[in-house]
Amino acid sequence: MSSFSVEPTYTVAFMILFIILMGSVNRYSNPAGMRAPWPGGITYRCNQGNFGPYSHSNPFDCYAWDFDLPMNAPVVAATNGVIAFAGYKQTDGYGIRVRVRNINGTYSLYAHLNQLFVQVGQSIKEGQLIGLAGNTGNTTGPHLHFSIINTKGISLPSIFSDIGVPIEGKYYTSQNWIKS
């Protein structure tokens, strides 16, 4: 009966290579350098974070955040991109929203807006004013719902370069300065 054995040096080499490769994999799906979606220097509370109990418990919203932006507070682009949708859809509860196609193929979703300042096909830059926070769709009050999503609308794990991964109940100050 023959037995199969692996030389210890090959095992160690494989483990080192595996650790290096896994360490280089980015577990976040957002475009590099993405910043908080409101003007720099302003602080808002994260009302509901990833996997929040109220409405972030399904694949479409599990990696989303709700920020306590008051009615008509400015909402700015978190990253550069092209407007893929700007308007109202009655079917999913997001109300008036903007969907931006990011350079890495994902989309940024800004929902429950009150007013829009962009249109489909328009190129936008990080920090550009895209709309005003609101209370449209299925909400219990004014706020901004934000997430990075794929082409099927499924939310993806994301991190902001200025505020990290927001946690429910904590306050965050944006470093996303308005650009004209």
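This report concerns the structure included in the present document. What you see is a predicted model, and the numbers here were worked out from it, not measured in a lab.

Reading guide: rules and limits
Residues numbered from 1 in each chain as written. Predicted model: local features only at pLDDT ≥ 70, side-chain atom pairs only at ≥ 80, totals over all residues. Heavy atoms only, no water. Helix = DSSP H or I, 4+ residues; strand = E, 2+ residues; numbered from the N terminus. Buried < 20%, exposed > 50% of the residue type's maximum accessible area, 1.4 Å probe, protein only. Polar contact = N/O pair within 3.5 Å; in protein donor to acceptor, adjacent residues only side chain to side chain. Pairing = 2+ DSSP bridges.

## Section: the side chain of Glu 126
Of note, Glu 126 is situated in the loop between β7 (123–124) and β8 (129–133). For Glu 126, a relative accessible area of 17% translates into the label buried. In terms of polar contacts, Glu 126 uses its side chain to reach the side chain of Arg 35, at 2.9 Å.

## What to know about the pairing of strand β5 (residues 95–102)
Along β5, six of the eight residues are buried, which leaves the element largely enclosed by surrounding structure. Relative to β5, strand β4 (residues 81–89) is paired through eight bridges, and the arrangement is antiparallel. Along β5, the bridge assignment pairs Phe 85 with Arg 99. Taken together, β4 and the strand that follows it, β5, pair antiparallel across an intervening segment of five residues, in which Gly 93 is found at a positive phi of about 85°. Inspection of the sheet shows β5 paired to strand β6 (residues 107–116) by six bridges, in the antiparallel sense. From the neighbouring strand, Arg 97 faces β6, where its bridge partner is Ala 111.

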